[in-house]
Amino acid sequence: MFRNLGVTFEPTYEEKPWLYDPRGETGRKRLERMRELLRDVLPRLSGKALDVGCGMGVSTFALEELGFGVVGIDTQEELVKKAKEITRELGHKAEFKVMDAKNLDFPDESFDLVAFLGNPLPHMSIYDFDSAVWEAFCVLKPGGTLVVEYADWVRLLHENYREVLVEEPFTSFHVRLDTLTGTAERLFVNFEKATSSRLKSTSGPRG
């Protein structure tokens, strides 16, 4: 989606294309979920929209189905090529362009909505995100909307991690998760022997 600091997400796109293809079951479910989310949060469902980091078009088509005229952009040429093919195959009207979000090639005040959908933040550095947002505001019309979808992966991991686990002869419970230091702590209890112990693990500070 974005190129930052010499690192890209190409391996993910190549290994898991079903996540990004709006024709498949997973892609369609993502599209429907995104469409319903946007329906609830956007102040208007019309006008011209820019979909930043469009991939194969899941988020782009979600915006189009809500009533927007959409242009999707991505730095991944192969994904943009596939998005154009899918557009023709499914009869959509969205446009797709290979373009860097940090250097938008559109006139100022061109769009009613600029969207960063599909949890794009992990795909870029904070510096790239700052530049991309600046560019987004330049191409937004006065009173336009900027929307950024963010999935809190730390919270989601925490929700799963905090579950009680049973690994004979121990039952373990989540005690603490410090995302600033990367430290997790669990309590292990052996109910048969009435003993317990705590285990801390550290993956290092979050970058």
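Nothing here was measured: the structure is a model prediction, and the numbers come from that model.

### Concerning the overall build of the chain
Piece 1. Per the secondary structure count, the chain includes six helices and nine strands.
Piece 2. In the chain, which comprises 207 residues, the proportion classed as buried is 41%.
Piece 3. Intrachain contacts of the chain at a sequence separation of at least 6 include 57% that bridge at least 24 residues.
Piece 4. Per element, the accessible surface of the chain, about 12,000 Å² overall, is 53% carbon and sulfur.

### Structural notes on empty space enclosed by the protein
Piece 1. Enumeration according to the criterion identifies one cavity of 30 Å³ or more in this entry.
Piece 2. In this structure, the largest cavity is lined by L42, P43, R44, F68, D112, L113 and T145.
Piece 3. For the lining of the largest cavity, the class distribution of residues is four nonpolar, one polar and two charged.

### Quick word on the confidence of the model for the chain
Piece 1. Counting all residues, the mean pLDDT for the chain is 83, and 80% of those residues have values of 70 or more.
Piece 2. Counting contacts from residues 1–7, a segment whose pLDDT is below 50, to residues more than four positions away or on other chains yields 28 contacts.

### Quick word on the environment of V80
Piece 1. Among the secondary structure elements, V80 is positioned in helix α4 (residues 77–90).
Piece 2. Between the C-alpha atom of V80 and that of K97, which follows or precedes it by 17 residues, the distance is 6.6 Å.
Piece 3. Those residues in contact with V80 that lie beyond four places of it in its chain are G55, D74, F96, K97 and V98.

So, how was this worked out
Residues numbered from 1 in each chain as written. Predicted model: local features only at pLDDT ≥ 70, side-chain atom pairs only at ≥ 80, totals over all residues. Heavy atoms only, no water. Helix = DSSP H or I, 4+ residues; strand = E, 2+ residues; numbered from the N terminus. Buried < 20%, exposed > 50% of the residue type's maximum accessible area, 1.4 Å probe, protein only. Contact = heavy atoms within 4.5 Å. Areas by Shrake-Rupley, 256 points an atom, 1.4 Å probe, with all protein chains shown as cover. 1 Å grid on protein atoms, 1.4 Å probe; cavity = no way out; pocket = protein on both sides within 12 Å on 5 of 7 lines; lining within 4 Å. Points joined across faces, edges and corners; volume = space filled by probe spheres on them. Nonpolar A, V, L, I, M, F, W, Y, C, P; charged D, E, K, R; others polar. pLDDT = per-residue confidence, 0-100.

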